Amino acid sequence: MNYNRIFFDIKNKYIITIIIFLCVILNTLAQSGMYSREPKSVDGTEIKWTLSLNIDGTFLYHFFRDISGEANPEENFYGKGTWESEGQLIYFYCESSSLNDEFTINLNNSKAKIKSKSPRDKSDKIIKTSLRFYESEAFAIKGLELFKEKN
């Protein structure tokens, strides 16, 4: 029996497992962070979307709207749940039990794609990292693009 061969096979499997684990962790770290969008308005209305993708796999969504005018109170809508990534795709999950008076936005089964500059692209072109929802049961979410904030 060739013990060197057996040890070498076990060692290779261990190294490959560690490499795969590190790739998953680095992918999650690269995609986690704060994403937001705050368009400019000519009538004084303030609108802001924020999405925090936490490293622990949870997210917090916030939509803020302050329509200009005295009779219009500011509005805040929140959502929370968990997220997973597969390559450049992000999948959102929300338990119905976590919806309440404060957290009313349900992002369950929503899907988004991360768009960023390819590491192979050596041009001076600036591409802001963004997250675009391409599927969602919440009608106001589908098509929404949020941009990653710098840390």
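Note that the coordinates shown come from a computational prediction; the quantities given were computed from them, not determined experimentally.

Conventions and cut-offs
Residues numbered from 1 in each chain as written. Predicted model: local features only at pLDDT ≥ 70, side-chain atom pairs only at ≥ 80, totals over all residues. Heavy atoms only, no water. Buried < 20%, exposed > 50% of the residue type's maximum accessible area, 1.4 Å probe, protein only. Helix = DSSP H or I, 4+ residues; strand = E, 2+ residues; numbered from the N terminus. Pairing = 2+ DSSP bridges. Axes fitted to C-alpha atoms, helices over the stretch in contact; angles between N-to-C directions. Salt bridge = Lys/Arg side-chain N within 4 Å of Asp/Glu carboxyl O. Phe/Tyr/Trp six-rings, centres within 6.5 Å; stacked < 30°, edge-to-face > 60°.

## What about the pairing of strand β6 (residues 111-115)?
Line of reasoning, step 1. Residues A112 and I114 line the buried face of β6, whereas the alternating positions K111, K113 and K115 sit on a face that is not buried.
Line of reasoning, step 2. Relative to β6, strand β5 (residues 89-93) is paired through three bridges, and the arrangement is antiparallel. Bridge assignment links L89 to a residue of β6, and that residue is K113.
Line of reasoning, step 3. As paired elements, β6 and strand β7 (residues 130-135) share five bridges and run antiparallel to each other. Opposite I114, over in β7, you have L131 as the bridge partner.

## Describing the environment of D101
Line of reasoning, step 1. For D101, the location among the structural elements is in the loop between β5 and β6.
Line of reasoning, step 2. In this structure D101 comes out as exposed when scored by relative accessible area, which is 80%.
Line of reasoning, step 3. With 23 residues separating them along the chain, D101 and Y78 place their C-alpha atoms 9.5 Å apart.

## Describing the sheet that holds β7
Where strands meet in a sheet, backbone hydrogen bonds hold them as pairs that are either parallel or antiparallel.
Line of reasoning, step 1. If you walk around this closed barrel you meet the eight strands as β1-β2-β3-β4-β5-β6-β7-β8, and the pairing is antiparallel. For this sheet the average axis-to-axis angle between neighbouring strands, irrespective of direction, equals 30 degrees.
Line of reasoning, step 2. Bridging between β7 and strand β8 (residues 145-148) involves three bridges; their strand directions are antiparallel. Bridge pairing links L131 to L146 in β8.

## Comments concerning the pattern of salt bridges
Opposite charge on two side chains makes pairing possible when the charged atoms of those side chains draw close.
Line of reasoning, step 1. Summed over the entire model, instances satisfying the criterion amount to four salt bridges.
Line of reasoning, step 2. Taking the shortest distance from any N to any O, the salt bridge between K111 and E135 comes out at 3.6 Å. Within this pair, whereas K111 is found in strand β6, its partner E135 is found in strand β7, the two being separated by 24 residues in sequence.
Line of reasoning, step 3. Using a relative accessible area of 24% as the deciding quantity, one classes K111 as partly exposed.

## Section: the packing of aromatic side chains
Line of reasoning, step 1. Scanning the model with the defined rule gives five aromatic pairs in all.
Line of reasoning, step 2. Pairing F59 with F92 gives two aromatic rings, centres 5.1 Å apart and planes at 90 degrees, and the pair type is edge-to-face. Remark: F92 occurs in strand β5 and F59 occurs in strand β3 (residues 58-66); sequence separation between them is 33 residues. In terms of burial, F59 and F92 fall into one category: buried.
Line of reasoning, step 3. Here F92 and F133 contribute two aromatic rings whose centre-to-centre distance is 5.2 Å and whose plane-to-plane angle is 35 degrees, an arrangement assigned as tilted. Residue F92 is found in strand β5, and its partner F133 is found in strand β7; the two are separated by 41 residues along the sequence.
Line of reasoning, step 4. Here F133 falls in the buried class, since its relative accessible area comes to 1%.
Line of reasoning, step 5. Among the aromatic residues, those joined into a cluster by ring pairs are W49, F63 and F77.

Geometric descriptors of this kind do not, in isolation, establish any biological role.
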